[in-house]
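Residue-level listing of the chains:
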Amino acid sequence: MSTSDFHPSLTITAVSGSADETSAIRVRQLRVVHAPRAGRWAMSTIGRTPVEIGRVGQTQSPLALDDKEVSRLHAVVEPDGAGGFRLVDRGSRNGTFVDGQKIEAARLEHGAVVRVGKTLLLFLDHAVTGDVTAVAESPRLLGRSEVMRRLRADLAMVAPRTIPVLVLGETGVGKELVAEEIHRQSGRSGQFIAVNCAALPEALAESELFGHVAGAFTGAKARSDGLFMAANHGTLFLDEVGESPAPIQAKLLRALAKGEVRAVGASEAVTVDVRIVAATNRDLSAEVAADSFRADLFARLSGWVQRIPPLRERKEDILPLAAMFLARVAPSATISTNAAEALLLYHWPFNVRELEQVISAAGVRAAGVNRVRCEHLPEAIAATLGPRAQLKEPVANESEPHPVMPQVPRDAVPARDDLMAVLAYFGGNVAQVAEYFGKDRKQVYRWAERYQIDLDQVRRP
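The shown structure was predicted, so the numbers you read here are calculated from the model rather than taken from an experiment.

Visitor: Just checking my understanding: could you explain the pairing of strand E7 (residues 85-89) for this structure?
Guide: Working note: regular strand, side chains alternate between the two faces of the sheet. Judged by how many residues are buried, E7 sits mostly within the fold: four of five residues are covered. Across five bridges, strand E6 (residues 73-79) lies against E7 in antiparallel orientation. Bridging from a neighbouring strand, Val77 pairs with Leu87 of E7. Connecting E6 to the antiparallel partner E7 that follows it, the hairpin turn spans five residues, and Gly81 within it adopts a positive phi of roughly 85 degrees. Direction of pairing for E7 relative to strand E10 (residues 105-107): antiparallel, over a ladder of three bridges. When the sheet's bridge partners are listed, Leu87 is paired in E10 with Ala106.

Here it is, written out as structure tokens:
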């Protein structure tokens, strides 16, 4: 089967607003994120005319699915009369589910997880502005969601500047990865130096940051330049800056304000050229109001405030990321429909870091069956399906659903994880991978050799 038989998503889109650089376009999409491998899907506009969801060959709708468990006319998407849309089941044989619950009719809210047969869809409702420049994914910033697209565009704007950046986000969203990406795009010649402010002993913090001269204190037998000097002409990443003790906050303020540091025991300050990127999962505005964080330091750090969205706000990235993580530990394994639905329904309090750990462990547990099922997931995740999590799914075959094709750029040399994801999708078929990238098969073999990928382990039996 050629790559033309595979499609990365099925999207029904409703658009309102204008497309100039300042106004926002409201985009509503019903996007397939997990489906049977075969199928030809198109794009349609949601308007006053209802859009049918049914089986391929039984409806002319763009939502004609090649899924044997989808009824001839399974459900309908229609305006709800209040400016939104609702999904109505049309007496389907296997039922229609929204956010894990079987429904007869339900209003579709942003992020709603829809299941018909063995096909999973996401309803997305977001504003797209015309001033966002398309920035390609990087190994540090993966994801094709609108919020990740905006994040990459923001970082591309601020990275070449010298202003400090304050990165805000929950635990596990990848704050250090964002800091590394800022440094990579900055063009600065120095190093990227990361320091966890929460782990700095208060008694030694000043020495760690600014250095010390020999004999400055007991045990200081030799001179140390400190982390600011190590990051000279580069980037210093202050992780968990909200945990910094008050005396160190004062020292940091001086370094940022004056562009100079004075080592412990030294009589003179030294000028440094350091780009500061700080990060915290705390609400620093509230900390300032409570007098537990210096207002003047907050003002210095927040030249540019960059929020990283939690994983639950970009559900369309969950399954592609899961497929990538799974390819690292079990290249030929797939994710069952029930497991994929549970991954989409879970709230991910520890974000991408948690997803990586969950999928890595699940891939190991599923080694015998080569397919991740609910039983291989933590109980809290499987429980999102309720009693359906206990249902045994049949062994995978050619008609079973597979994750949608990885959204890997075709016109660039793939990173190792990207190549693994595409190899895993095509079951190690080098000819299909070569066609995907528009290259000769020899080039795929060269990439595999460069990344030390054993193609025999990737090929499906």
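Visitor: Would you mind showing me how to read the packing of helix H8 (residues 318-329) against helix H10 (residues 351-365) here?
Guide: Closest axis-to-axis distance for the H8/H10 pair is 9 Å, and the angle between their directions is 45 degrees. Accordingly, the angle class assigned to the pair H8 and H10 is oblique. Crossing geometry of H8 relative to H10 is assigned as right-handed. Residues Ile318, Leu321, Ala322, Phe325, Leu326, Arg328 and Val329 of H8 form the contact with H10, whose own contacting residues are Val352, Leu355, Glu356, Ile359, Ser360 and Gly363. Looking at the contact of H8 with H10, its residues break down into nine nonpolar, two polar and two charged.

Visitor: Honestly, the environment of Ile381 in this entry has me stumped. Any pointers?
Guide: Among the structural elements, Ile381 can be located in helix H11 (residues 379-382). C-alpha of Ile381 to C-alpha of Glu341: the two residues are 40 residues apart in sequence and 9.8 Å apart in space. Setting aside its immediate chain neighbours within four residues, Ile381 contacts Ala342, Leu343, Tyr346, Trp348 and Val358.

Visitor: Just to check I follow, could you spell out the sheet that holds E7 for this structure?
Guide: Sheet strands pair by backbone hydrogen bonding; their relative direction is either parallel or antiparallel. Taken together, five strands build an open sheet; the order of strands is E5-E4-E6-E7-E10 and the sheet is mixed. What marks the edges here is a single partner per strand, and that holds for strand E5 (63-65) and E10. Averaged over all neighbouring strand pairs, the angle between strand axes comes to 15 degrees, with direction disregarded.

Visitor: Any chance you could explain the side chain of Glu181 here in plain terms?
Guide: Following the sequence through the fold, Glu181 ends up in helix H2 (residues 175-186). Here Glu181 falls in the buried class, since its relative accessible area comes to 2%. Sequence-distant contacts of Glu181, that is, excluding residues within four places in its chain, are made with Ser138, Arg140 and Leu141.

Visitor: Looking at this structure, how should I read H8?
Guide: Here H8 contains 12 residues, and its C-alpha end-to-end distance of 17 Å stays within 8% of the 16 Å for a straight helix at 1.5 Å per residue. Buried residues of H8: Ile318, Leu319, Leu321, Ala322, Met324, Phe325, Leu326 and Ala327, and no others.

Visitor: Whenever I open this one, the sheet that holds strand E14 (residues 192-196) confuses me. Can you help?
Guide: The sheet built from five strands is open, its strands ordered E14-E15-E18-E13-E19 with parallel pairing. Looking at the sheet topology across the chains shown, the edges are occupied by E14 and strand E19 (304-307). When strand polarity is set aside, the average angle formed by the axes of neighbouring strands in this sheet is 20 degrees. By the bridge criterion, four bridges tie strand E15 (residues 235-239) to strand E18 (residues 275-280) in an arrangement that is parallel. Across the sheet, the residue bridging to Leu238 is Ala278, located in E18. Of the strands in this sheet, strand E13 (165-168), E14, E15 and E18 are in contact with H2, which crosses E18 at around 165 degrees.

Visitor: Even after reading the chapter, I still don't get the confidence of the model for the chain, so can you show me in this structure?
Guide: A low pLDDT score tells you not to read the predicted coordinates there in detail. Put simply, the chain has an average pLDDT of 84, and 86% of its residues get 70 or more. In this model, residues 1-10 is a region of pLDDT below 50 whose contacts with residues beyond four sequence positions or in other chains number 34 contacts. Contacts from residues 397-401, a stretch scored under 50 in pLDDT, to residues over four places away or in other chains number 14 contacts.

Visitor: Just to check I follow, could you spell out unusual backbone geometry for this structure?
Guide: Working note: non-glycine residues mostly have negative phi, and peptide bonds are mostly trans. In the Ramachandran plot, Asp99 falls in the positive-phi region, its phi being about 50 degrees despite a non-glycine side chain. Topologically, Asp99 is positioned in the loop between strand E8 (96-98) and strand E9 (101-103). Residue Asp99 is classed as partly exposed on the basis of its relative accessible area, which comes to 38%.

Visitor: Would you explain the environment of Phe437 in this entry?
Guide: The residue Phe437 is located in helix H13 (residues 430-437) in this model. Note on Phe437: relative accessible area 4%, which makes it buried. C-alpha separation for the pair Phe437 and Val413, spaced 24 residues apart in sequence, amounts to 8.8 Å. Beyond its immediate stretch of four places on either side in the chain, Phe437 contacts Val408, Pro409, Arg410, Ala412, Pro414, Leu419, Val422 and Trp447.

Visitor: Explanation requested: the packing of aromatic side chains in the structure shown.
Guide: Here the distance between the centres and the angle between the planes together describe a pair of aromatic rings. All told, the structure shown has four aromatic pairs when counted by the stated rule. Ring geometry for Tyr346 versus Trp348: centroids 4.7 Å apart, planes at 85 degrees, classification edge-to-face. We classify Tyr346 as buried; its relative accessible area is 10%. Taking the centre distance of 5.3 Å and the plane angle of 80 degrees together, the rings of Phe437 and Trp447 count as edge-to-face. Here the residue Phe437 occupies a position in helix H13, and Trp447 occupies one in helix H14 (residues 441-450), the gap between them amounting to 10 residues. Above the ring of Phe97, the side-chain terminus of Arg388 is found at 4.2 Å from the ring centroid.

Criteria and cut-off values
- Numbers given to residues run from 1 along each chain, matching the order in which its sequence is written.
- The model is predicted, so local features are restricted to residues of pLDDT at least 70 and side-chain atom pairs to those at 80 or more, both for listing and for counting; the totals for chains, interfaces and linings are taken over all residues.
- To get the side-chain values, take all heavy atoms of the structure and skip hydrogens and water.
- Residue burial is assigned from relative accessible area. The probe radius is 1.4 Å, only protein chains are included, and a residue is buried under 20% of its type maximum, exposed over 50%, and partly exposed in between.
- Numbering of helices and strands runs from the N terminus, with a helix taken as a DSSP run of H or I at least four residues long and a strand as a DSSP run of E at least two residues long.
- By definition, two strands form a pair when at least two bridges between them are found by DSSP.
- To get an axis, a line is fitted to the C-alpha atoms, and for a helix only the part in contact is used. The angle between two axes follows their N-to-C directions and goes from 0 to 180 degrees.
- Any angle that falls under 35 degrees is termed roughly parallel, while one over 145 is termed roughly antiparallel, one within 65 to 115 roughly perpendicular, and all others oblique.
- Note: crossing handedness is left-handed where the near helix turns anticlockwise from the far helix by less than a right angle, and right-handed where it turns clockwise.
- We call two residues in contact when some of their heavy atoms are within 4.5 Å.
- Ten residues, namely Ala, Val, Leu, Ile, Met, Phe, Trp, Tyr, Cys and Pro, are considered nonpolar, four, namely Asp, Glu, Lys and Arg, are considered charged, and the remaining ones, Gly among them, are considered polar.
- Expected span of a helix, by definition, is 1.5 Å for each gap between consecutive residues, and there is one gap fewer than residues.
- The quantity known as pLDDT measures the predictor's confidence residue by residue, on a range of 0 to 100.
- Here is the rule: rings of Phe, Tyr and Trp (six-membered ring for Trp) pair when centre to centre is within 6.5 Å. Planes less than 30 degrees apart are stacked, more than 60 are edge-to-face, and the remainder are tilted.
- For a lysine, the NZ atom is tested; for an arginine, the CZ atom; a charge sits over a ring if that atom is within 6 Å of the ring centre and within 35 degrees of the ring normal.

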